[in-house]
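Summary of structural features
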Amino acid sequence: MVKDCLWKQALKWEGEPVLVLSLRTPELDAESRGARRINRYYGKLAQIWKARWETSLFPSACAALAEARAASRPFEPWSVTLDYRVTQEEAGLLSLYVDAVERSTGRPLTVRTADTWDLASGVPHLLTDFLPPTRLWRRALLAELTAQSEARLQSGESFFYADAPARVRRFFSPQRFYLTGDSLAVFFPMLSLAPAAEGIPVFLLPRPDAAGEQNSQAS
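Our next topic: the overall build of the chain. A tally of helices and strands in the chain yields 4 helices and 9 strands. Along the chain, helices (α) and strands (β) appear in the sequence β-β-α-β-β-β-β-α-α-β-β-β-α when read from the amino end. C-alpha extents for the chain along the principal axes are approximately 70 × 50 × 25 Å. Within the span of the chain, comprising 219 residues, buried residues form 40% of the whole. Residue pairs in contact within the chain that sit at least 24 positions apart in sequence constitute 55% of those at least 6 positions apart. Carbon and sulfur atoms make up 54% of the accessible area of the chain, which totals about 12,100 Å². One finds the centroid of the 26 positive side-chain charges in the chain at a distance of 5 Å from the centroid of its 25 negative side-chain charges.

By the secondary structure assignment, Glu-102 is in strand S4 (residues 93-103). Given a relative accessible area of 15%, Glu-102 falls into the buried group. Polar side-chain contacts of Glu-102 include one of 2.8 Å to the side chain of Arg-52. Excluding residues within four positions of it along the chain, Glu-102 makes contact with Trp-49, Arg-52, Trp-53, Leu-57, Ser-79, Val-80, Pro-108 and Leu-109.

Here helix H2 (residues 137-155) crosses helix H3 (residues 164-171) at 145 degrees, and the two axes come no closer than 8 Å. Crossing of H2 against H3: the hand is right-handed. Within the contact between the two elements, H2 uses Leu-142, Ala-143, Leu-145, Thr-146, Ser-149, Glu-150 and Leu-153 and H3 uses Ala-164, Pro-165, Val-168 and Arg-169. Here the contact of H2 with H3 is composed, by residue class, of 7 nonpolar, 2 polar and 2 charged.

We now examine the pattern of salt bridges. Evaluated as defined, the whole model comprises 9 salt bridges. Measuring nitrogen to oxygen at the nearest pair gives 2.8 Å for the salt bridge that ties Arg-52 to Glu-102. One end of the pair, Arg-52, is in helix H1 (residues 33-70); the other, Glu-102, is in strand S4, with 50 residues separating them in the sequence. On the basis of relative accessibility, which here comes to 39%, the residue Arg-52 falls in the partly exposed class. Across the pair Arg-167 and Asp-163 runs a salt bridge whose closest N-O atoms are separated by 2.9 Å. Each of Asp-4, Arg-24 and Asp-83 takes part in one network of salt bridges that share partners.

Considered as a void within the structure, the largest pocket measures approximately 200 Å³ in volume. Every residue lining the largest pocket is listed: Ala-114, Asp-115, Thr-116, Pro-124, His-125, Leu-126, Leu-127, Thr-128, Trp-137, Pro-174, Gln-175 and Phe-177. With 3 residues, strand S5 (residues 109-118) is the single largest residue contributor to the lining of the largest pocket. Across the lining of the largest pocket, the residue classes break down as 7 nonpolar, 4 polar and 1 charged.

Quick notes on the rules
- Residues numbered from 1 in each chain as written.
- Predicted model: local features only at pLDDT ≥ 70, side-chain atom pairs only at ≥ 80, totals over all residues.
- Heavy atoms only, no water.
- Helix = DSSP H or I, 4+ residues; strand = E, 2+ residues; numbered from the N terminus.
- Buried < 20%, exposed > 50% of the residue type's maximum accessible area, 1.4 Å probe, protein only.
- Contact = heavy atoms within 4.5 Å.
- Areas by Shrake-Rupley, 256 points an atom, 1.4 Å probe, with all protein chains shown as cover.
- Lys, Arg positive; Asp, Glu negative; His and termini not counted.
- Charge placed at Lys NZ, Arg CZ, Asp CG, Glu CD.
- Polar contact = N/O pair within 3.5 Å; in protein donor to acceptor, adjacent residues only side chain to side chain.
- Axes fitted to C-alpha atoms, helices over the stretch in contact; angles between N-to-C directions.
- Left-handed = near helix turned anticlockwise from the far one by under 90°.
- Nonpolar A, V, L, I, M, F, W, Y, C, P; charged D, E, K, R; others polar.
- Salt bridge = Lys/Arg side-chain N within 4 Å of Asp/Glu carboxyl O.
- 1 Å grid on protein atoms, 1.4 Å probe; cavity = no way out; pocket = protein on both sides within 12 Å on 5 of 7 lines; lining within 4 Å.
- Points joined across faces, edges and corners; volume = space filled by probe spheres on them.

These values are about where atoms sit, not about what they do.
In structure tokens, the structure reads:
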């Protein structure tokens, strides 16, 4: 069972809040070795983001407040969040993604990471664990992702850059995936395929492993 681990703090400069931090990470309510390893991972991830925001973003927020005061302008505290979403929870398997969002003076910026865990061992699955077994998996996957990006670009479904199909190959990473239902979700960084307004581009593909399970159950 996954429960929330919450942490919040308002960082101040000269008594005025300038940066509000809010972190919500997953914590497995279990005593197994795998659960302990996973909990340590997300605890460390939260500390990495917290340290980044305190050492790099906080000074920038203080400078923005000083500039606003000098110009007699109102100042809205900057905010950052770390949040997660469980996308698949099966027997012995947990898939989720974590979004780190920074809100300052412009459009919010989001960095997404994702993991699909073997709960017993606490070891993350590889993308190839959910693809047809072939040495040419990368070529086949990129061809499918490129075709989907071209179709979405031509239909106007997504506001991709004109060269998004070429960008798919440049920005693809086998670490950027998670499971959802019977689908494999492959995502790309914000701004890699489209303007910030498009958010995080996500492509869904059928899961051969899920289809196999369904067929065996049906028989």
